[in-house]
Amino acid sequence: MTARAAERAGADFVLALNAGRFRAMGGSSPASILPIRNANEFVAGFGRTEILPSTKLPVFFGACAFDPQLDIDRFLERIIRWGFSGVTNFPSVIHIDDYRRSLLEKCGLGYEREIELLVKAARRGLMTIAYTRTQSEAKRMVEAGAEAICINFNLNRAVESGPDPSISLSELAARTSAVARVAQSIDKSVICLLGGGPITKPDELLEICRETGVQGFIGGSSLDRVPLEMSVLEVTSGFKTIHLLREKVDLLERQLQLSGVRHGVIAQSSIMKRVLETARRLASNPNPVLVWGEAGSGKRRIASLVHAFSERKQTKPALFHCRPGLATDTVGVLFGVERCENRRRQLSLLESASDTTVLLMHIDQLSRDGQERLADYLETGSFTPLNGVSIVRSNARIIATATVARGKGLQSVLCPRLLALFVGLDIEVPPLPNRLEDLPQLIQHFTVEAKGDANAQTLAIEKSAFLALAGHHWSGNLRELRQIVNQLVALKDAHIVAEVLKPLLNAALPAKPSSAFSEREWIIEALKRNRLHRGKTARSLGLSRKTLYNKIKKLRILE
């Protein structure tokens, strides 16, 4: 990655050094002089497989000359054969402390051997760059015929955020200038380059170049570790900030979803919150989903919600209503009809909606043959068109609804085979009498719908009228409640009392005479739903805590 980026940025060459690889592995540059790797085999490995194939720039091989087993002549032939353009003496004894360096020098593995390496490389047509640290080292290398020297004091910061280097830029310039003057006094054509730290920024290099006359820079950690460290620091910080903001937004969005505001589903009651949690869970995988409940309970809204929570939410779902009728008009639309003499092949809805979701409304009204065909599709992902024999595949996801009468189960409306495929993948939408905590919010929601004004004021419903609403049978569920609210919105009287409301309830669908709540029963039911939590009960009934306590005491509810 570094080689490719450097090439695009205009670099002149790339050095394959074991120190750079150690930095990429999370280590440090000083590890390059330690015997923790066979340095030459190490560089050959990543240089040949990762750097040479990734750049058209000349690549210099960083060769370790103080390896006592190194046969310089044979190794240089291998370097040429591998495709490297040049050689440099790295790691070098110039980076080792004086005592240990003196031991290597006595063994013939010191700086003179590095000079021999570069001289023999030049004779074979390889470019050379000589790492030097002192004036004497620069003098010896230039006298031996080095084309370029890299003046390197090994002063890289350990980390970008660490302390300042041991010398200032002015002192660095003085030391660099002294070495460069010696080199150019011997050969004016020699190229003097500055290597490594403590320079980490281009403006720092510009100042050194002006004062010393060096002609270039070998970046080392300044071009690989430091930019990466700063980039990771800045980008991670940015992402972390976004993450914190996202957490807050997600929390707000989740609150909106659980309250039903975002998707038009009112869910203040615990039973409806469980419905939404189930919808979110089932939406996270591509399995089919069955939403069932009584007529008018909001099954279609929940089915649409599952799609809105899914990975396919960016696509528009296909809607299909299952109704009794001719097979070609029902099963044929869903599964297609094979071509015959008098008509072309009818494309199926499953084919046209292969990349989205099919909302299959009233699956209980699908014929037995249609239910069996749907079971085949859910099991295999394929189906056979009506009157056909060919097999057609589709990726359409099925989210179905089924209407089940109060007190009945799914067994009464679906064939056993199809029903078995929805086990654990179904959502039961509760009837309105089982979620009376949602009644105030539902009334407000339908009021906004009827008035077409998001800021519409809540209907002023007196306690007696609210008791009548809470005690109604609601056989039509939300659909019936919407009709009632539409009529109440049209009334001129701002205060709605039981005498005004009861004729509307009786005209819509008759209430259960035996189940109308008394005030005592109304409060007891609310206490049960809220597990005797009086604060929650008071809020769900639209009463203050004090009023609820007084009514509990007056009606002897807890005695």
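Residues numbered from 1 in each chain as written. Predicted model: local features only at pLDDT ≥ 70, side-chain atom pairs only at ≥ 80, totals over all residues. Heavy atoms only, no water.

A. Region of interest: the overall build of the chain. The helix and strand inventory of the chain stands at 23 helices and 16 strands. The C-alpha radius of gyration of the chain comes to 41 Å, more than 25% above the 24 Å expected for a compact globule of 559 residues. If you line up the chain on its principal axes, its C-alpha atoms span 115 × 75 × 40 Å. For the chain, buried positions account for 45% of its 559 residues. Sequence separation of 24 or more characterises 69% of the internal contacts of the chain that already satisfy a separation of 6 or more. (Helix = DSSP H or I, 4+ residues; strand = E, 2+ residues; numbered from the N terminus. Rg over C-alpha atoms; globule rule 2.2 N^0.38 Å. Buried < 20%, exposed > 50% of the residue type's maximum accessible area, 1.4 Å probe, protein only. Contact = heavy atoms within 4.5 Å.)

B. Expanded view of the pattern of salt bridges. Applying the stated criterion across every chain, the model contains 17 salt bridges. Put simply, Asp-73 and Lys-120 hold a salt bridge, and the shortest N to O gap is 3.2 Å. Residue Asp-73 is found in helix α4 (residues 72-82), and its partner Lys-120 is found in helix α6 (residues 111-123); the two are separated by 47 residues along the sequence. Residue Lys-120 is classed as buried on the basis of its relative accessible area of 17%. The residue Arg-417 makes a salt bridge to Glu-372 at a minimum N-O spacing of 2.8 Å. Of this pair, Arg-417 sits in helix α16 (residues 416-421) while Glu-372 is found in helix α15 (residues 368-380), placing the two residues 45 residues apart along the sequence. Of the residues examined, Arg-417 reaches a relative accessible area of 28% and is grouped as partly exposed. (Salt bridge = Lys/Arg side-chain N within 4 Å of Asp/Glu carboxyl O.)

C. Geometry of the sheet that holds strand β5 (residues 148-152). On the basis of which strands lie adjacent, the open sheet formed by 7 strands has the order β1-β2-β3-β4-β5-β6-β7 and parallel pairing. Every interior strand has two partners, whereas the edge strands, β1 (14-16) and β7 (216-218), have only one. When strand polarity is set aside, the average angle formed by the axes of neighbouring strands in this sheet is 30 degrees. Summarising the sheet, β5 and strand β6 (residues 191-195) pair through 5 bridges and their orientation is parallel. (Pairing = 2+ DSSP bridges. Axes fitted to C-alpha atoms, helices over the stretch in contact; angles between N-to-C directions.)

D. The arrangement of the sheet that holds strand β14 (residues 426-429) in detail. Taken together, 5 strands build an open sheet; the order of strands is β9-β10-β13-β8-β14 and the sheet is parallel. With one partner strand each, in any of the chains shown, β9 (318-321) and β14 form the two edges of the open sheet. Adjacent strand axes in the sheet meet at a mean angle of 15 degrees when their direction is disregarded. The pairing of strand β8 (residues 289-293) with strand β13 (residues 397-403) spans 5 bridges and is classified as parallel. Of the residues in β13, the one forming a bridge with Val-289 is Ile-399. Those strands touched by helix α11 (residues 270-283) are β8, β13 and β14, and its axis lies near 160 degrees from that of β14.

E. Layout of the nonpolar core. Phe-61, Ile-79, Val-87 and Ile-149 are the most contacted members of the largest nonpolar core, which totals 68 residues. With 6 residues, the single largest contributor to this core is helix α3 (residues 39-51). In this view, Val-87 contacts Phe-60, Phe-61, Ala-63, Leu-76, Ile-79, Leu-117, Leu-118, Ala-121, Leu-126, Met-127, Thr-128 and Ile-129; residues no more than four positions away in its chain are not counted. One finds Leu-439, Trp-474, Ile-496 and Ala-526 within the second-largest nonpolar core, a separate group that totals 34 residues. (Core = buried A, V, L, I, M, F, W, Y, C linked by side-chain atoms within 4.5 Å.)

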